[in-house]
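Commentary on secondary and tertiary structure
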Amino acid sequence: MTKSFKLTTIQDYAKVVGDETVDRILKKAKQLENLHVVNVNSTGYGGGVAEILSSMTILMNGLNILTGWRTIIGRPDFFLITKNMHNAIQGGEMDLTEEKKRIYEEVVYENSVRIHLHNHDLVIIHDPQPLPMIEYYVRSRPWIWRCHIDLSNPHPGLWNYLKGFVDKYDVMISSIKEYKQDVAPPQRFCMPAIDPFSVKNLPLDEKVMDAKLAEYKIPTDKPIFCQVSRFDRWKDPQGVIEAFRKAQKEVDATLVLLGNAATDDPEGEEVFESLLHSQNDRIRILPYGDDTILVNALQSRAACVIQKSTKEGFGLTVTEALWKGTPVIGGNVGGIRYQIQDGENGYLVSSVDECAARIVTLAKDKDLRERMGKQAKEGVRKNFLLSRLLEQYLDLFIEVKESVVKG
Ligand code: UDP
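Residues numbered from 1 in each chain as written. Predicted model: local features only at pLDDT ≥ 70, side-chain atom pairs only at ≥ 80, totals over all residues. Heavy atoms only, no water.

Moving on: the site of the ligand. Near the ligand you find 19 residues, and of these Gly-48, Lys-200, Arg-230, Lys-235 and Glu-320 are the closest. Within the backbone of Gly-289, a nitrogen or oxygen atom sits 2.8 Å from a nitrogen atom of the ligand. Elements supplying a minimum of two residues to the shell around the ligand: α3 (48-62) and α11 (316-323). Looking at which element gives the most residues to the shell around the ligand, the answer is α11, with three residues. A breakdown of the residues in the shell around the ligand according to their chemical character gives five nonpolar, eight polar and six charged. (Near = heavy atom within 4 Å. Polar contact = N/O pair within 3.5 Å; in protein donor to acceptor, adjacent residues only side chain to side chain. Helix = DSSP H or I, 4+ residues; strand = E, 2+ residues; numbered from the N terminus. Nonpolar A, V, L, I, M, F, W, Y, C, P; charged D, E, K, R; others polar.)

Have a look at this one:
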């Protein structure tokens, strides 16, 4: 007998978002049955894009939308260049030499030879790594470029180069309207969302949480503040440590920075190592972020989650924590501004001092944390579950499936 597993379907969402929403989604999906869709990105694991694709592709297949997912294979020099691009799109520096362009385009070309995107009704390319792939196909169906990065202030020289590829797409999607660009294709804006049924987001038994925190020797005697993020300079882990040290002058608490590595991010180890000298009994810097139960336990048990990014397309980690009823102190940037309503489900901060002051406020006031936590969960239920993002995709697919969208 073939073994089968229970996978999440959109019907499972009815108990969270209501029958009406699910029925509407089912009707829309009916129009798309057997549509052959493929997603291409640069990693199957680590980071928000892989997190969304792993749940979204299952949901879509459950609706008979034949949705595939391919990842491109790259050499270390390719990923160094694409991480440099990622940084420069978010406002960093880049010396875009002809040699870097050659390596970038050559690796994408090799991948396009290998992955055969010929028979699909819709192709969705994620982020800059596979962006030039469109050059190497004769297309008869729409291609969508979905950019997950903070595009508010891209490096002009780099953006001008990438725009040459973007202009060939039929639609560009980014997370919020502030990322709108002067490009040829029509633009759509869809904020990412989370899967409430994933192991990371399902409620955990208190005993399981206790055991997990004990396993990693995380003290639970004082309020826990934590940031769960790839070790990436835009997530400002150093700033979190400085803010926590300032707050420690007024309150007793524990800080945990938990991170993991993504296969397309070669800078993680260096950032992680640069933080290690700050470790002590109350400041824990842990590279065990692949342990999903640990991520869940920390986001659930923390007095407050911090996401002090200085650039952030959209922080899934913010939504994950809010869904667990945990208030979040987040950098006042990018998508985080839509996720946190200042003073209601957390705080938006623009400096180390502001972050420190908010840590103090929340460490001292359990009632406030609980009030914010309730609002936090309800906000996610209304706006940031995958059912909403799925419906936005279905609307777009219906719009573009027969042709190429206009204006
Ligand atoms: N993540 C994780 N372990 C870690 C760090 C991050 O599982 O140690 C997950 C996190 O829970 C979230 C995703 O990776 O689902 C990160 O997405 P986000 O949008 O916050 O940031 P990105 O890494 O895409 O910039």
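From this point, things continue past the structure.
What follows covers the pairing of strand β2 (residues 66-71). The pairing of strand β1 (residues 36-41) with β2 spans six bridges and is classified as parallel. When the sheet's bridge partners are listed, Asn-39 is paired in β2 with Trp-69. This β-α-β element, β1 to α3 to β2, shows right-handed connectivity. (Pairing = 2+ DSSP bridges. Right-handed = clockwise from strand over helix to strand, strands pointing away.)

How two helices sit against one another is set out by the angle between their axes and by the gap between those axes. One way to put it is that helix α7 (residues 206-215) packs onto helix α10 (residues 292-301) with a least axis distance of 9 Å and a crossing angle of 110°. On the basis of the axis angle, α7 is roughly perpendicular to α10. Residue-level contacts link Glu-206, Val-208, Met-209, Asp-210, Lys-212 and Leu-213 of α7 to Ile-293, Leu-294, Ala-297, Leu-298, Ser-300 and Arg-301 of α10. Looking at the contact of α7 with α10 residue by residue, the class counts come to seven nonpolar, one polar and four charged. (Axes fitted to C-alpha atoms, helices over the stretch in contact; angles between N-to-C directions. Parallel < 35°, antiparallel > 145°, perpendicular 65-115°, else oblique. Contact = heavy atoms within 4.5 Å.)

This next bit is on the sheet that holds strand β6 (residues 187-189). Strand order in the open sheet formed by six strands is β2-β1-β3-β4-β5-β6, and the pairing between neighbours is parallel. On the outer flanks of this sheet lie β2 and β6, each paired with one strand and no other. Neighbour-to-neighbour, the strand axes of the sheet open up by a mean angle of 20°, direction not taken into account. Contacts from α3 reach β1, β2 and β3 (122-126) within the one sheet, and its direction differs from that of β2 by about 155°.

Next up on the list: the pattern of salt bridges. Using the criterion set out here, one finds 32 salt bridges in the structure. The salt bridge involving Lys-163 is made with Asp-167; its shortest N-O contact spans 3.0 Å. Close ionic contact of Asp-265 with Arg-230 constitutes a salt bridge, the shortest N to O distance being 2.7 Å. Separated by 35 residues along the polypeptide, Asp-265 in the loop between β8 (254-258) and α9 (268-275) and Arg-230 in the loop between β7 (224-228) and α8 (237-247) bring together distant segments of the chain. Exposure class is identical for Asp-265 and Arg-230. Each is buried. Through salt bridges with shared partners, a single network forms among Arg-75, Asp-77, Glu-99, Arg-102, Glu-106 and Glu-110. (Salt bridge = Lys/Arg side-chain N within 4 Å of Asp/Glu carboxyl O. Buried < 20%, exposed > 50% of the residue type's maximum accessible area, 1.4 Å probe, protein only.)

Moving on: the layout of surface pockets. What the second largest pocket holds in volume is close to 320 Å³. Taken together, 16 residues make up the lining of the second largest pocket; nearest its centre are Ser-300, Arg-301, Ala-302, Ala-303 and Arg-369. Here the element with the most residues in the lining of the second largest pocket is helix α14 (residues 366-383); it accounts for three residues. (1 Å grid on protein atoms, 1.4 Å probe; cavity = no way out; pocket = protein on both sides within 12 Å on 5 of 7 lines; lining within 4 Å. Points joined across faces, edges and corners; volume = space filled by probe spheres on them.)

This brings us to the side chain of Gln-90. Mapped onto the secondary structure, Gln-90 falls in the loop between α4 (76-89) and α5 (98-115). If we skip the residues at most four places from it in the chain, Gln-90 touches Ile-149, Asp-150, Asn-153, Trp-234, Lys-311, Glu-312 and Gly-313.

Pairing within the open sheet is parallel, and its six strands lie in the order β9-β8-β7-β10-β11-β12. With partners counted over all chains shown, the strands left at the sheet margins are β9 (283-286) and β12 (346-349), one partner each. Recorded for the sheet is a direction-independent mean angle of 20° between the axes of neighbouring strands. Packing against the sheet, α8 makes contact with β7, β8, β9 and β10 (304-307), and its axis sits at approximately 175° to β8.

Let's shift gears to the side chain of Thr-57. Relative to the elements of secondary structure, Thr-57 occurs in helix α3. Its relative accessible area of 8% is what places Thr-57 among the buried residues. Discounting chain neighbours no more than four positions away, the residues touching Thr-57 are Asn-39, Thr-67, Gly-68 and Trp-69.

Below, the discussion takes up the packing of aromatic side chains. Counted by the stated rule, this structure contains 14 aromatic pairs. Taking the centre distance of 6.3 Å and the plane angle of 35° together, the rings of Trp-145 and Trp-159 count as tilted. In this pair, Trp-145 is assigned in strand β4 (residues 143-146) and Trp-159 in helix α6 (residues 156-166), connecting sequence segments 14 residues apart. Through pairs of rings, three or more aromatic residues link up here, namely Phe-78, Phe-79, Tyr-104, Tyr-161 and Phe-165. Here the guanidinium or amino end of Lys-101 rests over the ring plane of Tyr-161, the centre of that ring lying 5.0 Å away. Its end group placed over the ring of Trp-323, Lys-377 keeps NZ or CZ at 4.2 Å from the ring centre. (Phe/Tyr/Trp six-rings, centres within 6.5 Å; stacked < 30°, edge-to-face > 60°. Lys NZ or Arg CZ within 6 Å of the ring centre and 35° of its normal.)

In summary, soluble globular proteins display a tendency toward joint burial of nonpolar side chains. With 106 residues, the main nonpolar core has Tyr-104, Met-133 and Leu-162 as its most contacted residues. No other element matches helix α15 (residues 386-400), which puts eight residues into this core. Leave out the neighbours within four places in its chain, and Met-133 touches Val-40, Ile-72, Val-108, Asn-111, Ser-112, Ile-115, Leu-117, Ile-125 and Trp-143. Core analysis: the next-biggest nonpolar cluster, separate from the first, contains 31 residues, Ile-241, Phe-272, Tyr-347 and Leu-368 among them. (Core = buried A, V, L, I, M, F, W, Y, C linked by side-chain atoms within 4.5 Å.)

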